[in-house]
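Geometric and topological summary
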Amino acid sequence: GPAFGADIELAKKSHIQKILSRGELRVGFESGYMPFEMTNKKGDFIGFDIDFAKRMAKAMGVKFVPVNTSYDGIIPALVTDKFDIIMSGMTITQERNLKVTFADPYIVVGQTILLNNKHAGTVKSYKDLNDPKYTLTSRMGTTGEQSIKRMIPKATYKGFESEAEAGLEVINGKADALVYDLPFIGILYASQGQGRTVFLDKPFTYEPLAWAINPGDPDFLNFLNNFLSQSKGDGFYEKVYNKWILS
Ligand code: ARG
């Protein structure tokens, strides 16, 4: 009957079919968000999300095609089919969830603060920064920016096109504090921040990170969640976690 026919059509309409027939998994991300997606000296993309993206392509029997794209336009780019999936350290927010479908979270992070040394001891939490005399930086279009606007609204905000620039501004003393995801600031502090900054490393937001796809595709979502649980069960997750997050 028509109901049965409709079911078959639905299964065929999964975006998975397009990925398989194209022979490519096109993965959208913005490189520069350590340790999830970065570019090494050779120009290759590396990181936690990238290792998962490569494994996913392999599991599908297709080629991994990285698509490096600006973070503030990443959701519109997914919606207009510039790539098949966002694997870019994206925090699940209710606002974003109205536009995209998220797989189960693969890690939980939160906002932390990299503070210029001149405020060591006087600024102890984000609440102490809620004053126009403080200039705070973050990367535009991120939850770092959102949390400044919502939770530290009186501070002066300066948004940047990359998290690296936003961090350097604070390290160089041109701004007072960077507000950003914990893993990123942890690496930045260890590599360039010591002696010049203080890392306030207690997260003040709750941010599950997840891969995102276009809505209305239960088969693709099912694939992603089972891929993630398989990767947790067979040791791959732990291997990649130890390689990028713990070290
Ligand atoms: N978790 C933050 C957010 O979702 C920052 C992610 C930035 N990711 C990137 N690849 N640049 O807004």
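Residues numbered from 1 in each chain as written. Predicted model: local features only at pLDDT ≥ 70, side-chain atom pairs only at ≥ 80, totals over all residues.

This brings us to the confidence of the model for the chain. Averaged over all residues, the pLDDT of the chain equals 95, while 95% of them reach at least 70. With a pTM of 0.94, the predicted complex shows an ipTM of 0.98. (pLDDT = per-residue confidence, 0-100.)

It is common to give the size of an interface as the accessible area lost on bringing the parts into contact. The domain boundaries assigned to the chain delineate domain 1 (2-107 + 208-246) and domain 2 (111-200). Between domain 1 and domain 2, the C-alpha centre-to-centre distance is 29 Å. (Domains from an automatic or database assignment.)

A few words on the sheet that holds strand β11 (residues 177-181). Strands sit in the order β10-β9-β11-β8-β12 across an open sheet of five strands; the sheet is mixed. Of all strands in the sheet, those with a lone pairing partner are β10 (156-160) and β12 (197-200), marking the two edges. Neighbour-to-neighbour, the strand axes of this sheet turn through a mean angle of 25°, independent of strand direction. One ladder, built from four bridges, connects strand β8 (residues 111-116) with β12; its direction is antiparallel. Bridging from a neighbouring strand, Leu115 pairs with Val198 of β12. Against the sheet, helix α6 (residues 143-151) touches β8, β9 (135-139), β10 and β11, its axis set at about 150° to β9. Docked against the sheet, helix α7 (residues 163-171) engages β8, β9, β10, β11 and β12, running at close to 160° with respect to β9. (Pairing = 2+ DSSP bridges. Helix = DSSP H or I, 4+ residues; strand = E, 2+ residues; numbered from the N terminus. Axes fitted to C-alpha atoms, helices over the stretch in contact; angles between N-to-C directions. Contact = placed C-beta atoms within 7 Å.)

Our focus in this paragraph is the site of the ligand. The environment of the ligand is formed by 14 residues, the closest being Glu30, Tyr33, Thr91, Thr142 and Thr143. Taken together, domain 1 (2-107 + 208-246) and domain 2 (111-200) each give at least three residues to the shell around the ligand, which thus spans both. (Near = placed C-beta within 6 Å.)

This part takes up unusual backbone geometry. The peptide bond linking Met34 to Pro35 adopts the cis configuration, its omega dihedral lying at -5°. Mapping Pro35 onto the fold places it in the loop between β1 (24-29) and β2 (38-39).

We now examine the nonpolar core. Core analysis: the biggest nonpolar cluster contains 59 residues, and Ile86, Leu114, Leu136, Ala177 and Ala212 have the highest contact counts within it. Inspection of this core shows a minimum of three residues originating in each of domain 1 (2-107 + 208-246) and domain 2 (111-200). In this structure, Ile86 is in contact with Gly28, Phe29, Ile74, Leu78, Trp211 and Ala212, ignoring residues within four places of it in sequence. (Core = buried A, V, L, I, M, F, W, Y, C linked by C-beta atoms within 7 Å. Buried ≥ 20, exposed ≤ 12 C-beta atoms within 10 Å, placed from the backbone.)

Mapped onto the secondary structure, Ile19 falls in helix α2 (residues 15-22). Residue classification places Ile19 among the buried residues on the basis of 21 C-beta atoms within 10 Å. Put simply, Ile19 and Met60 are 41 residues apart on the chain and 8.5 Å apart in space, counted from C-alpha to C-alpha. When neighbours within four sequence positions are excluded, Ile19 is seen to be in contact with Glu24, Leu25, Met60, Val62 and Asp84.

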